[in-house]
Amino acid sequence: MPDGMVNTRDLSDLGVTNAARLNVNWTEAALYQEAVRRGEGEVAKGGPLVVKTGQHTGRSARDKFTVRDAATEDTVWWDFNAAMSPEHFQALWADMRAHMADRELFVQELFGGADETHRLPVRVVTELAWHSLFIRHLLRRPDAAELADFAPEFTIVNLPSFRADPERHGTRSETVIAVNFSERLVLIGGTSYAGETKKSVFTILNYLLPEKRVMPMHCSVNVGKADDPAVFFGLSGTGKTTLSADPERKLIGDDEHGWSENGLFNFEGGCYAKMIRLSAEAEPQIHATTKMWGTVLENVVMDPVTRELDLDDASLAENSRGAYPLHYIPNACDKNVCGHPKNIVMLTCDAFGVMPPIAKLTPAQAMYHFLSGYTAKVAGTEKGVTEPSATFSTCFGAPFMPRHPAEYGALLRDLIAEHSVDCWLVNTGWTGGAYGVGERMPIAATRKLLNAALDGSLAGAAFRTDPVFGFAVPVSVEGLDDSILDPRSTWSDQAAFDAQAEKLADMFIANFEKFEDHVAPYVRAAAPNPEQAKLAAE
Ligand SMILES: Nc1ncnc2c1ncn2[C@@H]1O[C@H](COP(=O)(O)OP(=O)(O)O)[C@@H](O)[C@H]1O
Ligand SMILES: C=C(OP(=O)(O)O)C(=O)O
Ligand SMILES: [Mn+2]
């Protein structure tokens, strides 16, 4: 350690001096062994580590708070982000520090961001060995030289056994995720769903990067043989992870990326895939990770004797997950950076069965849909959500976006224009009727349409203009039953379709009211037109 540098190997800079023991930068093997030894997890056939998170099997979005102080007063969008007072945060932190006394803790020093000019050194302190393994999989491990000089710029402390007190800490419940940008500290308590830690890093970068004119995005990225990066925006469950794993395209990352002057870069070094009803046929690369040593399987059901997994069993969670390093996917790119995108795909899982499986968006429509962030929230990723329902989550990631959506929107608009990116909307949701009547779009059909869009062949197809949404929809695509392209024709009751389309268009318009004053008229003009659905019905 060079003279004059703070010793970050202990936590004294945080005022934490009473922990029983700090296990710093333990490797995967050591953490795995310790998690098993402590009974935190069990070993499945082939070597994954199977863990249970108890009550919280998804993010607790309503228990997340941002400290409101001079630094964040004018930079955070308080209409959406819940505020915590600095006093409550200090009380929380004092109680958490007391909770750390005499405990054995794990510390990982990692990077968020594959782009060396924009990466963030983060220190993650956890109570659980498996949480340390999880975040070591998910973030980016420094090499020996980088570790020697490692100076964390943010610290995340995750103590699942800590219980927040609404009276003392100003929380809503015993669960808390408190982000303090001034103190460069995130405190997590009362939940052991591992996704909270990775999404906290995402939240931090989403706050810091726009100041450097780097666009942070809730998206996956892959690159085809023609060196043609594609971005897949989407809320939870819309298909970022599923569709980015493609044997024909190199995987850059499945969930969080930045777009800088240098191109696209993953924030992470691992993936976090949904496991429920995962099919070996439809998703072979992801399925294979469930048989690999060290994959962390969260709330996946396992036979205690044979150690075989049952991916169809949702008794522990609908939102069961697998966390693994990117290189567990055979064609992942090792640097996790690539050039500027050629295509941007906005994924939506439309439970109403109204959106076409693919549509070409004008730049104005892309902006409108980016700000709207429409999908159906599919079971389980957020606690308490058990069936799909329509959701608008701006920037396709409102829970992780501290700033005003217009800031992200303006950055994206400029980058799309500068690099002449083609934009698409893809519905991975329902076809043949709404949820309950129709069925989920076959993954093979979505992939076929995506490939046609990304390889340029779709550009030559005939398009119609969707009367309600105004975007261009292909009429026919080789190797695909044309009827799937026109959602109205897939419904047995077309009047019901028109009524549903009108309802959805009305929801878009009501949701967009809050952005009316923040966007140019040409973006407002990209709104759907519910009157057209009425006309169709007559
Ligand atoms: N047409 C489709 N496209 C993408 N995913 C689909 C489709 N049909 C069903 N699915 C399922 O939906 C889920 C998509 O989840 P995932 O890719 O993890 O989303 P995200 O990464 O955006 O949260 C997976 O369980 C996948 O098997
Ligand atoms: C991990 C999550 O992200 P996603 O579902 O988008 O993969 C989450 O929302 O908790
Ligand atoms: Mn995902």
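Calculation notes
- Residues numbered from 1 in each chain as written.
- Chains lettered and ligands numbered in written order.
- Predicted model: local features only at pLDDT ≥ 70, side-chain atom pairs only at ≥ 80, totals over all residues.
- Heavy atoms only, no water.
- Near = heavy atom within 4 Å.
- Polar contact = N/O pair within 3.5 Å; in protein donor to acceptor, adjacent residues only side chain to side chain.
- Areas by Shrake-Rupley, 256 points an atom, 1.4 Å probe, with all protein chains shown as cover.
- Nonpolar A, V, L, I, M, F, W, Y, C, P; charged D, E, K, R; others polar.
- Domains from an automatic or database assignment.
- Phe/Tyr/Trp six-rings, centres within 6.5 Å; stacked < 30°, edge-to-face > 60°.
- Buried < 20%, exposed > 50% of the residue type's maximum accessible area, 1.4 Å probe, protein only.
- Lys NZ or Arg CZ within 6 Å of the ring centre and 35° of its normal.
- UniProt positions renumbered as here; feature names shortened; annotations may be inferred.
- 1 Å grid on protein atoms, 1.4 Å probe; cavity = no way out; pocket = protein on both sides within 12 Å on 5 of 7 lines; lining within 4 Å.
- Helix = DSSP H or I, 4+ residues; strand = E, 2+ residues; numbered from the N terminus.
- Contact = heavy atoms within 4.5 Å.

**Description of the site of ligand 2**
Neighbouring ligand 2 are 11 residues; R59, Y193, S236, K240 and R321 lie closest to it. Within the side chain of Y193, a nitrogen or oxygen atom sits 2.9 Å from an oxygen atom of ligand 2. Here ligand 2, which alone exposes 300 Å², has 98% of that area covered by the protein. Across the shell around ligand 2, the residue classes tally to two nonpolar, three polar and six charged. Each of domain 1 (17-40 + 55-212) and domain 2 (270-328) gives at least three residues to the shell around ligand 2.

**Some words on the packing of aromatic side chains**
Taken as a whole and judged by the stated rule, the model has 24 aromatic pairs. Plain terms: the ring middles of W430 and Y435 are 5.2 Å apart, the flat faces sit at 75° to each other, and that makes the pair edge-to-face. Among the residues examined, Y435 registers a relative accessible area of 41% and is labelled partly exposed. When the centroid spacing of 5.5 Å and the interplanar angle of 10° are considered together, the rings of F469 and F471 count as stacked. Here F469 falls in the buried class, since its relative accessible area comes to 3%. Here a set of aromatic residues connected by ring pairs shows up, and it is made of W77, F80, Y368, Y374, F392, F469, F471, F508, F512 and F515. The ring of F111 carries the charged tip of R119 above its face, separated from the ring centre by 3.8 Å.

**Comments concerning the UniProt feature "binding site: substrate" (unreviewed entry) in the protein chain**
When the UniProt feature table is mapped to this numbering, "binding site: substrate" (unreviewed entry) covers R59, Y193, K199 and R321. What stands out for the annotated residues spanning 263 residues is how close their C-alpha atoms remain, the widest pair being 14.3 Å apart. Lining residues of the largest cavity drawn from the annotated list: R59 and K199. By the secondary structure assignment, R59 is in the loop between β3 (49-51) and β4 (64-67). Classification of K199 as buried rests on a relative accessible area of 9%. Filtering out sequence-adjacent residues up to four positions away, K199 remains in contact with R59, K64, H218, D255, E256 and F400.

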